[in-house]
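Structure assessment
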Amino acid sequence: PLKIEYKNENNAEFSFERRIGAEVTDSPDLDVVLVAVDPLAVVGKASKISMDIFNAGGATAKYVVAEPRSEAAEKITPEKVFVGTLEPDDFDSFTFQMKLKPDIEPGTHPIKVSVSYRDKGFLQQAPEKDIQLNVYTPQEAGAMARQELPLLPIAGAVLLLALVFRKRLLKLVGWGNKTA
């Protein structure tokens, strides 16, 4: 409460008490990050792109729709992805397929993601975010895949050996001894 006391020109004292309020407002602050590209983005090929959209603001964003587009893309499906409602400090994921043009240069290409939503006042907002996508030649992508490949056969071989020699391993660690 606010209390005001004063005197007029005749020295008469007056006072009154009032409650005052201030409306505190905040707005959504949406951002988008690239999570995964599977398989690697290759010139002329299609990839599944996964992104996270999050609300770092203090207000709810309703009817959130993500619309990715890129000059490097021949086709993006779906063209729009309905995300829904994002509360403050909340996130959601969305995926889309993107087929790259066969005549683009390898390197970094932007994906522009328009994120439309309705704010607290039900006003339409549509910020745009740029996400950088690394695009490779088929040769570069093949070389990168070969570098990652040795881990899979090694892990498979260790698992196979563990299964073949499991009885010996169990006796070695003392789990194979039966005591009554």
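Just so you know, these numbers come straight off a predicted model, no measurement behind them. For every chain, the first residue of the written sequence is number 1, and numbering continues from 1 onward in sequence order. pLDDT decides what is reported in this predicted model: residues at 70 or higher carry local features, side-chain atom pairs at 80 or more are listed and counted, and totals for whole chains, interfaces and linings draw on all residues regardless. Computation of side-chain values covers all heavy atoms of the structure but excludes hydrogens and water.

Regarding the environment of Lys99
What counts, and what does not: Only DSSP runs of H or I with at least four residues qualify as helices, and only runs of E with at least two residues qualify as strands; both kinds are numbered from the N terminus onward. Only protein chains enter the area calculation, which uses a 1.4 Å probe; residues under 20% of their type maximum are buried, those over 50% are exposed, and those in between are partly exposed. We call two residues contacting when some pair of their heavy atoms lies within 4.5 Å. Any pair of N or O atoms that falls within 3.5 Å is considered a polar contact. Within protein, one atom must be able to donate a hydrogen and the other to accept it, and sequence-neighbouring residues count only if both atoms are side-chain atoms.
Position of Lys99 relative to the elements: it lies in strand 8 (residues 90–100). On the accessibility criterion, Lys99 (32% relative accessible area) is partly exposed. Ignoring anything within four residues of it in the chain, the contact list for Lys99 reads Gly44, Lys45, Ala46, Ala73, Glu74 and Lys75. There is a polar contact of 2.9 Å between the side chain of Lys99 and the backbone oxygen of Gly44.

Notes on the nonpolar core
Quick reminder of the rule: In this text, buried Ala, Val, Leu, Ile, Met, Phe, Trp, Tyr and Cys residues form a nonpolar core when linked through side-chain atoms within 4.5 Å.
Counting 28 residues, the largest nonpolar core has Met51, Ile53, Val64, Phe94, Met98 and Val113 as the members making the most contacts within it. Put simply, the parts of the chain that give this core at least two residues each are strand 3 (30–38), strand 4 (46–55), strand 5 (61–69), strand 6 (73–77), strand 7 (81–86), strand 8, strand 9 (107–118) and strand 11 (128–135). When sequence neighbours within four positions are dropped, the list of residues in contact with Met98 reads Lys45, Ala46, Ser47, Ile49, Ser70, Ala73, Lys75, Ile76, Ile111 and Leu133.

Description of the pairing of strand 2 (residues 13–18)
Heads up, the condition is: Paired strands are those between which DSSP finds at least two bridges.
The pairing of strand 1 (residues 2–7) with strand 2 spans 6 bridges and is antiparallel. Across the sheet, residue Glu5 finds its bridge partner in strand 2, namely Ser15. Here strand 1 folds back onto strand 2 in antiparallel fashion, the turn holding 5 residues, of which Asn11 has a positive phi close to 70 degrees.

Some remarks on the packing of aromatic side chains
The following threshold applies: Centres within 6.5 Å are what make two rings of Phe, Tyr or Trp a pair, Trp counting through its six-membered ring; a difference in plane orientation under 30 degrees is then read as stacked, over 60 as edge-to-face, and the rest as tilted.
The full count for this structure, using the stated rule, is 3 aromatic pairs. Aromatic pair Tyr63 and Phe122: ring centres 5.9 Å apart, planes at 90 degrees, arrangement edge-to-face. Of this pair, Tyr63 sits in strand 5 while Phe122 sits in the loop between strand 9 and strand 10 (124–125); the two residues are 59 residues apart in sequence, bridging distant segments of the chain. Relative to Phe96, the ring of Phe94 lies with its centre 6.2 Å away and its plane at 20 degrees, an arrangement referred to as stacked.

Quick notes on the pattern of salt bridges
Heads up, the rule is: Any Lys or Arg side-chain nitrogen located within 4 Å of an Asp or Glu carboxyl oxygen qualifies as a salt bridge.
In this structure the tally under the stated criterion is 5 salt bridges. Note that Glu5 and Lys3 form a salt bridge whose closest N and O atoms lie 3.4 Å from each other. With respect to burial, Glu5 and Lys3 carry one shared label: exposed. We note a salt bridge from Lys99 to Glu74, for which the minimum N-O separation is 3.7 Å. Taken together, the positions of Lys99 in strand 8 and Glu74 in strand 6 put the pair 25 residues apart, joining distant regions of the chain.

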